[in-house]
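Analysis of the macromolecular model
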Amino acid sequence: MRKSVLFWHLHGVRAIAVALMLWLAVPVPGQATGRVHGLIQNADGSPVAGAQVVAHSAGENSDRTLVSAADGSFAMDLIPGHYQFKATKSGFADSPAAERDLSAGEDLTLNLTLHANERFLKRFFQAYAKDWHGGGDSGPEPARRTLPSPLNSPPFPNSDWSYGGSPEIGAPDTNVPPLMEALYSGSNGKAWEQSRVKVYGWVEGSFNLSTSHDSNYPSAYDIFANRVEFDQAVLYIERLPDSVQTDHIDWGFHLSGLYGTSYRFTTNLGYFSGQLIDNHREYGFDPVLEYVDLYIPQVAEGLNIRVGRFISIPGIEAQLAPNNYVYTHSLLYAVDPFTDTGILGTVKLNDRWLVQLGLTASHDVAPWTPDARPSATACISYTFNEGNDNVYPCINGINRGWYAYNNLQMFDTTWYHKFSAAWHMATETWYMYERGVPSVSGPVTPEKGTNGAYCSAGEIRCLAPEWAMVNYVERQLSAKNYISMRFDFLDDMKGQRTGYKTRYTEATLMWGHWVGSTILLRPEIRFDRALDRAAYDFGRRQNQFQLAMDVIFKY
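Residues numbered from 1 in each chain as written. Predicted model: local features only at pLDDT ≥ 70, side-chain atom pairs only at ≥ 80, totals over all residues. Heavy atoms only, no water.

Overview of the overall build of the chain
- When its secondary structure is counted, the chain shows 6 helices and 26 strands.
- A buried classification covers 50% of the 555 residues belonging to the chain.
- Of the contacts formed within the chain by residues at least 6 apart in sequence, a portion of 63% connects residues at least 24 apart.
- Carbon and sulfur atoms form 60% of the exposed surface of the chain, whose accessible area is close to 24600 Å².
- Computed over 45 positive and 58 negative side-chain charges, the separation of the two mean positions in the chain equals 3 Å. (Helix = DSSP H or I, 4+ residues; strand = E, 2+ residues; numbered from the N terminus. Buried < 20%, exposed > 50% of the residue type's maximum accessible area, 1.4 Å probe, protein only. Contact = heavy atoms within 4.5 Å. Areas by Shrake-Rupley, 256 points an atom, 1.4 Å probe, with all protein chains shown as cover. Lys, Arg positive; Asp, Glu negative; His and termini not counted. Charge placed at Lys NZ, Arg CZ, Asp CG, Glu CD.)

Encoded structure:
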């Protein structure tokens, strides 16, 4: 009996060992193999001992590794297949990847060269040169656990239909900006890669020519007319949770800061808000986003829990410049919420359905301010038509809705549709309101940084609603060029959002051009009209025409 148990135990161990060898591309005894051997050398042709040689099997999605001998030689037996070979060693830049097909019985000679690490600034500038001249490495496609991406990025800001408050569950992180590429190729490159912490950002400058003299508002971001501006200098420090894998809980975090004229579109009461609300500074700093993510793959197809300050969901546009189709923003964007502080759960039920539930301190306020209100957020994302359509309805910041700093009750729906490989559109519509807003002609003074409402005669306070819609039509011209057409309508029914009780409309045509994937130029022409009264240039103009352009430089 004991012998029988021992026999089956040993047999099971052997079966596991065989399976493990197959997974590691290690040949099973008796299996047909090929042999790969060669030398690891430095740039002078001298042998490099102790270098790690990695053979990545594309078919098995597995790695086989060994270390080069004292004379720089290496040799390994592998099962037939397609392989990518690379050599690494501390103090050297990784060797260029070499792709080879290996047949049974083949004896393949392969020499790999390790170059000494260049100084950081040289590696940094080389990353730009490689990006601008199309010399990036094209390794195997990373694993993905969601529908194929409907769009190309670049030229568009996103490759997937976007939703807020969470990383794209099931999509790999493929962003390697120049700063990180320079760090990865340095002596601590492996440590950076293994940590998955990234440091990067961008700077953005712009100019505009306008028929208005002083102010383009509610056109945003270029609210100062006829001038050159430094819009944004942004620094990101982040770690994205790995939501492709399904075997362990993962985590992430995000810290960022913004300096420039755009800080006014991220300012929250309680977060350095005195720069704008009290002092009306043209330039300022704002710590835009600070949050942590906890990713739990065992809940449905993946659950992400975000805690901290994050971009208010939903919306086509965002506060950070590279995340938008167009330089200037829609009228809709100029008056809706910017960021929220709280907790948000995002659960992917399957490739079609995604659900979000959250609790925040209400819009654009820190939890420690008197204006904070416990507020509910709930969203559903539904993708259909083989991934070519997505509908994303949300209720956001819902509470009693009584007047406080940007205590907007928001009901929003976004629809994305792909017509063809070159054409797609994005449409958003919302309705918002606040209750008990002080009348502009009444005895109650509106809170600093907010507007009163044009209430009916005799009303001290009133309900202040507004609704808006925007439509983007996008045409990809090439891998580096696209055209945006935007049509926008806003009805500020009581004038509480813009300061003027009127309906607005605008139309914009923009061309986007990329240099590599790090420089974006976006010239545009835009026409605005206030339909009921003069509301542009501090109430002096009913119509406004602009030529504007921004340049984004990523690092």
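Next comes the rest of the description.
Observations concerning the sheet that holds strand β3 (residues 62-67)
- If you trace the 4 strands from one edge of the open sheet to the other, you get β3-β2-β5-β7, paired in antiparallel fashion. Each edge of the sheet is formed by a strand with only one pairing partner; in this case those strands are β3 and β7 (98-102). Strand after strand, the sheet turns through a mean of 25° between neighbouring axes, direction not considered. (Pairing = 2+ DSSP bridges. Axes fitted to C-alpha atoms, helices over the stretch in contact; angles between N-to-C directions.)

Focus: the pattern of salt bridges
- All chains considered together, the criterion is met by 23 salt bridges.
- With a shortest N-O distance of 3.9 Å, E204 and R522 are connected by a salt bridge. Residue E204 is found in strand β10 (residues 197-210), and its partner R522 is found in strand β25 (residues 519-530); the two are separated by 318 residues along the sequence. In this structure, E204 and R522 share a single accessibility class: buried.
- Here R503 and D532 are joined by a salt bridge, their closest N and O atoms 2.8 Å apart. With R503 in strand β24 (residues 502-515) and D532 in the loop between β25 and β26 (543-554), the pair connects residues that are 29 residues apart, well separated along the chain.
- Taking the relative accessible area as the measure of exposure, D532 reaches 43% and is therefore partly exposed.
- One network of salt bridges, in which partners are shared, links D214, D537, R540 and R541. (Salt bridge = Lys/Arg side-chain N within 4 Å of Asp/Glu carboxyl O.)

What about the state of the cysteines?
- Within this structure, the stated rule accounts for 2 disulfides.
- Each bonded cysteine in the chain gets a number by its place in the sequence, and the pairs come out as 1-2, 3-4. (Disulfide = S-S within 2.5 Å.)

What to know about the nonpolar core
- Grouped together as the largest cluster of nonpolar side chains are 61 residues, with contacts concentrated most on Y325, W430 and Y504.
- Ignoring any residue separated from it by four or fewer positions in sequence, one finds W430 in contact with L332, V335, D336, M410, F411, D412, E466, W467, A468 and L490.
- One finds V48, A55, F74 and A98 within the second-largest nonpolar core, a separate group that totals 20 residues. (Core = buried A, V, L, I, M, F, W, Y, C linked by side-chain atoms within 4.5 Å.)

So, the pairing of strand β18 (residues 375-384)
- Residues S375, T377, C379, S381 and T383 point to one face of β18 and are all buried, whereas A376, A378, I380, Y382 and F384, pointing to the other face, are not buried.
- Judged from the 8 bridges that link them, strand β17 (residues 353-363) and β18 form a sheet pairing that is antiparallel. Within β18, the residue paired with G358 across the bridge is T377.
- Across 6 bridges, the pairing between β18 and strand β19 (residues 389-398) is antiparallel. Each bridged residue has a counterpart across the sheet, and for Y382 the counterpart in β19 is V391.
- Between the end of β18 and the start of β19, which pair antiparallel, lie 4 residues, with N385 showing a positive phi angle near 55°.

Let's talk about a nonpolar patch on the surface
- Taken together, the side chains of F207, L209, V228, L509, I525, F527, F545 and L547 present a nonpolar region at the surface, about 710 Å² in accessible area.
- Inspection of the secondary structure assignment puts V228 in strand β11 (residues 227-239). (Patch = residues over 30% accessible without salt bridge, like charges linked within 9 Å, V, L, I, M, F, W, Y side chains within 5 Å.)

Details of the packing of aromatic side chains
- What the rule picks out here adds up to 27 aromatic pairs.
- Plain terms: the ring middles of W161 and Y416 are 5.3 Å apart, the flat faces sit at 20° to each other, and that makes the pair stacked. Residue W161 is located in the loop between α2 (120-132) and α3 (178-184), and its partner Y416 is located in strand β20 (residues 409-418); the two are separated by 255 residues in the primary sequence. The two residues W161 and Y416 agree in class, both being buried.
- Within the aromatic cluster, the residues linked to one another by ring pairs are F120, F124, F125, Y128, W132 and F553.
- The aromatic ring of W251 is capped on one face by R239, whose charged end is 4.1 Å from the ring centroid. (Phe/Tyr/Trp six-rings, centres within 6.5 Å; stacked < 30°, edge-to-face > 60°. Lys NZ or Arg CZ within 6 Å of the ring centre and 35° of its normal.)

A word on unusual backbone geometry
- Following S153, the chain continues to P154 via a peptide bond in cis, the omega torsion being -10°.
- Topologically, P154 is positioned in the loop between α2 and α3.
- In the segment running from A220 into Y221, the intervening peptide bond is cis, with an omega of 15°.
- Locating Y221 in the fold gives a position in the loop between β10 and β11.
- Not every positive phi belongs to a glycine, and R196 is a case in point at roughly 60°.
- Take R196: it is sitting in the loop between α4 (189-195) and β10.

Comments concerning the confidence of the model for the chain
- Within the chain, residue pLDDT values average 92, and 94% of them lie at 70 or more.
- Confidence over residues 1-24 falls short of pLDDT 50; this stretch has 12 contacts with residues more than four positions distant or in other chains. (pLDDT = per-residue confidence, 0-100.)

A few points about empty space enclosed by the protein
- Tallying each qualifying case throughout the model produces 4 cavities of 30 Å³ or more.
- Roughly 230 Å³ of internal volume is contained in the largest cavity.
- Contributing to the lining of the largest cavity are 20 residues, with T146, Y163, E168, D351 and T383 lying nearest its centre.
- Mapped onto the lining of the largest cavity, the elements with two or more residues apiece are β17 and β18.
- For the lining of the largest cavity, the per-class residue count stands at 8 nonpolar, 6 polar and 6 charged. (1 Å grid on protein atoms, 1.4 Å probe; cavity = no way out; pocket = protein on both sides within 12 Å on 5 of 7 lines; lining within 4 Å. Points joined across faces, edges and corners; volume = space filled by probe spheres on them. Nonpolar A, V, L, I, M, F, W, Y, C, P; charged D, E, K, R; others polar.)

Observations concerning α2
- Over its 13 residues, α2 runs 19 Å from end to end, which matches the ideal 18 Å to within 8%, given 1.5 Å per residue.
- Along α2, the positions that sit buried rather than exposed are R123, F124, A127 and Y128. Along α2, the residues classed as buried sweep out an arc of 145° about the axis, all on the same side. Seen from the buried face of α2, the exposed residues on the opposite side, beyond 90 degrees, are L121 and F125.
- Buried residues belonging to α2 abut α3 and β26.
- Just past α2, the residue G134 takes up positive phi, approximately 70°. (Expected span 1.5 Å × (residues − 1). Arc of directions from axis to C-beta.)

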